[in-house]
Amino acid sequence: MNDRTPLNRGPLTGLKVLDLTIALAGPMCTQRMGEMGAEIIKVEAPGGGDFSRYSTMAGITKFGDATTFITLNRNKRSLILDLKADAGREVLYRMVKDADVLVQNFRPRVASKLGIDYATLSRINPRLVYGSISGYGEDGPLKDRPGQDLLVQSFAGLTMNAGRSTELPHPSPLYMVDVSASHLLTEGVLAALVARGVTGRGQEIKVTMVSAIMEMQIQELTAYMSTEAAPTRSKSPQASIWMEPPYGIYQCTDGHLALAQVDLNVLSDVIGVPVLKTLKTSRPRQTDSKALMQWRDDIYDAVAEKLRTDTVAHWDELLTEHGLWCGRVNSYEAFLAHPQTQRYLTTMTHSKGGEYRTVAPAIRFSEQPAPDLRGSPRYGEHTREVLLEAGYSAAEVDRLMANKVAVAPSVDA
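Since the structure is predicted, the reported quantities are computational estimates derived from the model, not experimental observations.

Taken together, 7 strands build an open sheet; the order of strands is E8-E7-E6-E1-E2-E5-E14 and the sheet is mixed. At either end of the open sheet lies a strand with only one pairing partner, and these are strand E8 (204–208) and strand E14 (406–407). Where strand E1 (residues 16–20) meets strand E6 (residues 101–104), 4 bridges bridge the pair, whose relative direction is parallel. Looking across to E6, one finds that Val17 is bridged to Val101.

Our focus in this paragraph is the packing of aromatic side chains. Enumeration according to the criterion identifies 4 aromatic pairs in this entry. Judged by centre distance (5.6 Å) and plane angle (80°), the rings of Tyr136 and Phe155 are edge-to-face. Placement of the pair is Tyr136 in the loop between strand E7 (129–134) and helix H6 (149–155) and Phe155 in helix H6, with a sequence separation of 19 residues. Exposure remark for Tyr136: the relative accessible area of 15% places this residue in the buried category. We classify Phe155 as partly exposed; its relative accessible area is 48%. Lying over the aromatic face of Tyr392, Arg94 brings its terminal NZ or CZ to 3.9 Å of the ring centre.

A separate point is the pattern of salt bridges. Tallied over the entire structure, the rule returns 20 salt bridges. The closest approach of N and O atoms between Arg196 and Asp100, which form a salt bridge, is 3.0 Å. Residue Arg196 is found in helix H7 (residues 176–199), and its partner Asp100 is found in the loop between helix H3 (86–96) and E6; the two are separated by 96 residues along the sequence. Across this residue pair, the class does not change: Arg196 and Asp100 are buried. Across the pair Asp398 and Arg384 runs a salt bridge, and its minimum N-O distance is 2.9 Å.

Here Asp298 is to be found in helix H12 (residues 289–307). In this structure Asp298 comes out as partly exposed when scored by relative accessible area, which is 31%. Separated by 62 residues in the primary sequence, Asp298 and Ser236 have C-alpha atoms spaced 8.8 Å apart.

Cut-offs applied
- Residues numbered from 1 in each chain as written.
- Predicted model: local features only at pLDDT ≥ 70, side-chain atom pairs only at ≥ 80, totals over all residues.
- Heavy atoms only, no water.
- Pairing = 2+ DSSP bridges.
- Helix = DSSP H or I, 4+ residues; strand = E, 2+ residues; numbered from the N terminus.
- Phe/Tyr/Trp six-rings, centres within 6.5 Å; stacked < 30°, edge-to-face > 60°.
- Buried < 20%, exposed > 50% of the residue type's maximum accessible area, 1.4 Å probe, protein only.
- Lys NZ or Arg CZ within 6 Å of the ring centre and 35° of its normal.
- Salt bridge = Lys/Arg side-chain N within 4 Å of Asp/Glu carboxyl O.

Here is the structure:
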C-alpha cells in the first residue's frame, strides 16, 4: 500500500481535511479524523515545519523525527507551503475550495494576519468547517500567553488538588489538557459536519485549553463554588483533596496499591483495622479545616501502616474479593506487558523503512473493525503529489518550488 492507495472505508471517507496544526492538541485532532477515513493534508511551514518533529520527549527520535511527531501524525500527507507569501496563500485558497475541514492552532489573531481566518476562507468555500484551538481565547489579559499544558494546569488550580501540603504543587506528568482539547475540537468538527448536512453551510468551532481543563474539573469547580470551606492539602500524599479518604496510593512490601472509593466500615473488617470505623463516624465539620486535614491524615496513616505489612498481590486479591475498588500501580514495563493492554497497541511501518509500536486508535467502528494505518509523513514528502492533485501542472509546481513558495525535500531526506 502506497500513500495514494485508498484506506478502507471509515465513517469520514471522502472528506478532505487541511491540517495547519503543530504540537499536540491540533495534530491529535486531525490524526483522529484520519483514522476515521478522512484525507488529511498537513500543511507545514518552510524551515522545519511542525516543531514536534524536533521537540523530543526524553531526547527520543525515530526515522529522523521526534517520536512526538510520528505518534501524532499518522494517516497524513505533508505539504511544505509558505503561507507568509501571497503565492503560498493563493495555493491554500485553491485547496480550500474543495476542502471539507480546516484545523489550525495558531495564537489568536495570527490566522487573520495571514489572511487564512474563517471569515476569509468561508467566503471562498461557505461549506468549510473551520476548527481552531488556542490557549486562553481571543480576548482577556492572558490571550497572548503561550497555551502550554503545564502552564494551563497551574493557572486553572489543578496542581493544588493533590499531593502534600508540605510539598510543591502537584502537576499531571501528562499533556492532559492538550488531549482533552483535541477531543473537544474533534467532537465540535463532527457536529458541524452533521449540521452542514442539514443546512449546507459550514461554521467555525473554537476550543481553548482553559475551557478544556475547566470541563475536566467540572465536579471540583462546582463543588468549590458550592461549599462554605473548600478542602485543602494535608501532610498525607493525597491523590485528590476532593475525594474522601482513603482514596490514594499506598506502599506495600513489594510495590504500591491504589485505593479508590471504599467504605471504611468494610475496609476496617477486611484488613483488620478497627479504628477506621471510629474515624468514619468522627468526621469534623467542613468549616474546621485544621481538624478535617488531621482526620484525613489519620485515616491515611492507619491504612498505610497496615498495607505496608504485605504484598500487592495479597491486598489486591483480598480487597477485590470483598468488592473493594483497588488496583496495582504499574510501571510502563508492567502495563505494556499485560495481556489486557495488547489489544490497544499497534505496529506501524514508516516510509523510510522500519517499524515502531504505538497506541492503536481509541475509537472502533463496527463497519471499520480494523482501520488501515499509515506512518507519519516525512517533512514535505507529498508536496509535489498534493499540488498536482490540486490541479497545478507539472510546470506550475516546478515554478512554485523554484520560487520557494512550496518545497519538496530530496528523495533521500
